[in-house]
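A look at the structure
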Amino acid sequence: MNDHDRRTDRLSILIEQFDQAREMAQVRLKGLGDEEYLWEPAPGSWSIRRRDEAVTPRAYGPGAWVMDKGAPEIPASEYAEVARQAAGGMSVAKIAEDWSVSAERVEEVLAFTGEPEPDVVPVTTIAWRLAHLHSDFAGRWEWTFGARRRDPHLLVDFTPSASLALDRFWETIDRHRASIATLTDEQLDTVGLSRYPYGSDPDDPYIGVLANANLELIHHMAEIALLRDLWRARRSTQGLP
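Computed from a predicted model, the values in this text were never measured in an experiment.

The rules behind these values
Residues numbered from 1 in each chain as written. Predicted model: local features only at pLDDT ≥ 70, side-chain atom pairs only at ≥ 80, totals over all residues. Heavy atoms only, no water. Helix = DSSP H or I, 4+ residues; strand = E, 2+ residues; numbered from the N terminus. Contact = heavy atoms within 4.5 Å. Salt bridge = Lys/Arg side-chain N within 4 Å of Asp/Glu carboxyl O. Core = buried A, V, L, I, M, F, W, Y, C linked by side-chain atoms within 4.5 Å. Buried < 20%, exposed > 50% of the residue type's maximum accessible area, 1.4 Å probe, protein only. Phe/Tyr/Trp six-rings, centres within 6.5 Å; stacked < 30°, edge-to-face > 60°. Lys NZ or Arg CZ within 6 Å of the ring centre and 35° of its normal.

Tracing the chain through its elements places Trp170 in helix H7 (residues 162–180). Taking the C-alpha atoms as reference, Trp170 lies 8.7 Å from Gln26; in sequence the two are 144 residues apart. Not counting residues up to four positions away in its chain, the partners in contact with Trp170 are Arg22, Ala25, Gln26, Leu29 and Met221.

Before going further, it helps to spend a moment on the pattern of salt bridges. Using the criterion set out here, one finds 16 salt bridges in the structure. Residue Glu73 is joined to Arg105 by a salt bridge in which the shortest nitrogen-to-oxygen separation is 2.9 Å. On the criterion of sequence distance, the pair formed by Glu73 in the loop between strand S2 (65–67) and helix H3 (79–87) and Arg105 in helix H5 (residues 103–111) is long-range, its members being 32 residues apart. The partner of Arg232 in a salt bridge is Asp229, with the nearest N and O atoms 3.6 Å apart. Placement of the pair is Arg232 and Asp229 together in helix H9 (residues 206–237), with a separation of three residues, close to one helical turn.

Positive phi outside glycine occurs at Ser100, with the angle close to 60°. The residue Ser100 is located in the loop between helix H4 (92–99) and H5 in this model. The phi dihedral of Arg148 is positive, around 60°, even though this residue is not glycine. By the element assignment, Arg148 lies in the loop between helix H6 (126–142) and H7.

The next subject is the side chain of Asp98. Relative to the assigned elements, Asp98 resides in helix H4. Apart from residues no more than four positions distant in its own chain, Asp98 is found in contact with Gln85, Met90, Gly199 and Ser200.

Residues Tyr37, Ile48, Phe158, Phe169, Trp170, Leu217 and Met221 are the most contacted members of the largest nonpolar core, which totals 32 residues. Elements that contribute at least two residues to this core include exactly helix H1 (10–28), S2, H6, H7 and H9. Among the elements that line this core, the one with the most residues is H6, at eight residues. If sequence neighbours within four positions are ignored, Phe169 has contacts with Leu130, Leu133, His134, Leu217 and Met221.

Okay, the packing of aromatic side chains next. Scanning the model with the defined rule gives nine aromatic pairs in all. With a centroid separation of 5.6 Å and an interplanar angle of 70°, the aromatic rings of Tyr79 and Phe112 are classed as edge-to-face. Here Tyr79 is found in helix H3, whereas its partner Phe112 is found in the loop between H5 and H6, with 33 residues between them in sequence. Assessed through its relative accessible area of 17%, Tyr79 is described here as buried. The exposure class assigned to Phe112 is partly exposed, which follows from its relative accessible area of 37%. Connected via pairs of aromatic rings, a cluster forms that spans Trp141, Phe145 and Tyr206. Lying over the aromatic face of Trp141, Arg175 brings its terminal NZ or CZ to 3.9 Å of the ring centre.

Nothing here speaks to function; it is all geometry.
Pasting the structure below:
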């Protein structure tokens, strides 16, 4: 695109960022095989698994394969976000509902002072990262542009096939891209345009929800890229092709 033709309105900037991130991700994911897709880099890794082999308390999915999900918690890295929610007028009860924790846990976080200890988070597989992104984009589309009825946790049929998972994922995020391209400025500023039930979307203007979707795509795809690098390095040190 010629610089003179480049649009600089809010939506165009976010769509251009999304398009660049998608293009980079597709290049980085070329050649992903099933073994690498499901590789667990460390003991206790989260992944997608057969339903009867799930190792986490809230693993979810509509089919034979489910995605690991741990117990509800507010991680230390999100304490500042909880403080912002409270400062913005959200009640303790609403914050607790947002994070799926007790009101007592929210009060504990709000009363915390000092530097929190770093979060201990599970290592995840490429399959888990991709499933997380797919579930998130599918759920937010349903609760923004769709019928706003279906449980986001039941929208994506997780699969052990890397190629099938990627085909389905690209289709979902391309649908997202096509839908957001139709938005007006008024819709971008509408609080609650997204009614996604797991998070603060109903309390946020959609422009913020959209910017966060780009952030999710970028940072999770960066993590997937690093896992691919580690997979190749591991095989190289073991003398594997």
